[in-house]
Amino acid sequence: MTPPPESAWWLPVAAVSDVNGGGPLAVTRCDQPLVLWHDGAELRAFADRCPHRGARLSMGRVHGGQLECPYHGWRFGGDGRCRHVPALPDFTPPAGHAAHAWQLREAHGLCWVAPAGASAEPPHAPPLLADLPARRLLCGPYDVATSAPRVVENFLDTAHFGLVHEGWLGARDHLQVPDYQVVPDAHGRPGVPDYRAWQPRASAGAGAGAWVAYRYQVLSPYSALLTKKAEGDAPQEAYALWACPTEPDRCRVWFTIFTSDDTLPDDALVAFQDTIFRQDRPVLESQRPRLLPVSGGELHCAADRLSVAYRRWLQAQGITFGVC
């Protein structure tokens, strides 16, 4: 079976809360300008270009459940059809007078979009997550000057913990990466079911260092899930990474925290994730090339077996460099 083109994958472009005020909101997905807005019944996504004279629809307004172009006031319904042309109030626009509508779904507190013809079935739709703690917090967005696969690969990498996150997720006297196994899921996506790491501060609520059981799973080309549980009665936690390429060598990133901790305030949990990603960002943005060299060009060792499996899986999806 021929892998679907990269454009067929559903990708997150904004937090639902950013659009629930009505919009319009300008976003970018793989170098494609889009506009998100709410027609009073549901969220919508259009190409951010009026089909009349090419003005940015995101500069307009939502009026009477329709998206109004800022240039000549053409108004478009949720299906994309033009409903009104102010210069010709008695004119009934034909079906061809329409904005380019995209598919939109809400999942994990984010707006996910895909072209009109993209499959809405797994594994290409927004990932379904089950059996995770009920308390959920969305962190981000973080705009990063590197390609989305670089960010995902960093999320899957454990060998940098004691250097980049020294005193937090790792320590210099625990740099050795233990032997671990990469196991694909039913869709062939690589993951690691069992990995142990020593962490001085494994979470926002951690009071001391502990051995932590990790489980990794790649969810899509630009998303992955980490579940972790420290020894003893520590809360169960999971972190989902969601990345969207905005340009070939730039991306926007969110994290969803799932935790059974019911004591720490939201801002403490978000601040912990902000700190961890703030430590990652300078290294990520220093990497060259920014596009992940999926098929060669960088050296590997046994500690990299998960990232190597991720690169091979990207190739199997027809994604050579993570280019939009």
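Refer to the structure presented above.
Residues numbered from 1 in each chain as written. Predicted model: local features only at pLDDT ≥ 70, side-chain atom pairs only at ≥ 80, totals over all residues. Heavy atoms only, no water.

**Points about the packing of aromatic side chains**
Evaluation of the coordinates by the stated rule reveals 14 aromatic pairs. Sitting above the plane of the W10 ring, R105 keeps its charged end 5.3 Å from the centroid. R305 extends its terminal NZ or CZ atom over the ring of Y180, reaching a point 4.8 Å from the ring centre. (Phe/Tyr/Trp six-rings, centres within 6.5 Å; stacked < 30°, edge-to-face > 60°. Lys NZ or Arg CZ within 6 Å of the ring centre and 35° of its normal.)

**Comments concerning the nonpolar core**
Core analysis: the largest hydrophobic core is formed by 81 residues, its most contacted members being L36, L156 and V253. With 7 residues, the top contributor of residues to this core is strand 15 (residues 236-247). Apart from the residues lying within four places of it in its own chain, the contact partners of L36 are V13, A14, V19, G23, P24, L25, V27, R44, A45, L104, C111 and V113. Among the nonpolar cores identified, the runner-up in size contains 13 residues, and W37, C69, C82 and A99 belong to it. (Core = buried A, V, L, I, M, F, W, Y, C linked by side-chain atoms within 4.5 Å. Buried < 20%, exposed > 50% of the residue type's maximum accessible area, 1.4 Å probe, protein only. Helix = DSSP H or I, 4+ residues; strand = E, 2+ residues; numbered from the N terminus. Contact = heavy atoms within 4.5 Å.)

**Here's the deal with the sheet that holds strand 12 (residues 191-199)**
Here we have 6 strands laid out as an open sheet, ordered 11-16-15-14-13-12, and antiparallel in their pairing. Strands at the two margins of the open sheet, each flanked by one partner only, are strand 11 (135-144) and strand 12. Put simply, the sheet's adjacent strands are angled 20° from each other on average, direction ignored. Pairing of strand 14 (residues 223-230) with strand 15, which is carried by 7 bridges, proceeds in the antiparallel orientation. Paired with K229 across the two strands is Q236, which belongs to strand 15. Contacts between helix 4 (residues 266-286) and the sheet are confined to strand 11, strand 15 and strand 16 (250-259), with strand 11 contributing the most and set at about 30° to the helix. (Pairing = 2+ DSSP bridges. Axes fitted to C-alpha atoms, helices over the stretch in contact; angles between N-to-C directions.)

**Looking at unusual backbone geometry**
Cis geometry marks the peptide bond from P122 to P123; its omega dihedral reads 5°. Along the polypeptide, P123 turns up in the loop between strand 10 (110-114) and strand 11. With omega at 10°, the peptide bond leading from G140 into P141 counts as cis. With respect to the element layout, P141 can be found in strand 11.

**Quick notes on the pairing of strand 3 (residues 32-38)**
The buried fraction of strand 3 amounts to 5 of the 7 residues, a majority that puts the element mostly inside the structure. Taken together, the 5 bridges between strand 2 (residues 25-29) and strand 3 define a ladder with antiparallel strand orientation. By the bridge assignment, V27 is partnered in strand 3 with L34. Hairpin connection, strand 3 to strand 4 (residues 43-47): the antiparallel pair is bridged by 4 residues, and G40 has positive phi, about 100°.

**Comments concerning the environment of A134**
Inspection of the secondary structure assignment puts A134 in the loop between strand 10 and strand 11. Overall, A134 belongs to the exposed group, its relative accessible area being 72%. The spacing of A134 and T227 is 93 residues in sequence and 13 Å in space, taken between C-alpha atoms.

**Notes on the packing of helix 2 (residues 148-156) against helix 5 (residues 305-316)**
Running from N to C, helix 2 and helix 5 point in directions that differ by 145°, and their axes come no closer than 9 Å. Note on packing geometry: the crossing formed by helix 2 with helix 5 is right-handed. Across the interface between the two elements, P149, R150, V152, E153 and L156 of helix 2 pack against L306, S307, Y310, R311 and L314 of helix 5. Within the contact of helix 2 with helix 5, the residues separate by chemical class into 6 nonpolar, 1 polar and 3 charged. (Left-handed = near helix turned anticlockwise from the far one by under 90°. Nonpolar A, V, L, I, M, F, W, Y, C, P; charged D, E, K, R; others polar.)

**Topic: helix 2**
Think of an α-helix as turning once every 3.6 residues; residues three or four places apart then point the same way. For helix 2, the tally of buried residues reaches 9 of 9 residues, placing the bulk of the element in the interior. For helix 2, every residue scored as buried is listed here: A148, P149, R150, V151, V152, E153, N154, F155 and L156.

**Looking at the sheet that holds strand 8 (residues 82-84)**
As summarised here, the arrangement of the 4 strands in space is 5-6-7-8, forming an open sheet in which the pairing is antiparallel. The two strands at the open ends of the sheet, each matched to only one other strand, are strand 5 (61-63) and strand 8. As paired strands, strand 7 (residues 75-76) and strand 8 are joined by 2 bridges and run antiparallel to one another. Bridging from a neighbouring strand, R75 pairs with H84 of strand 8.

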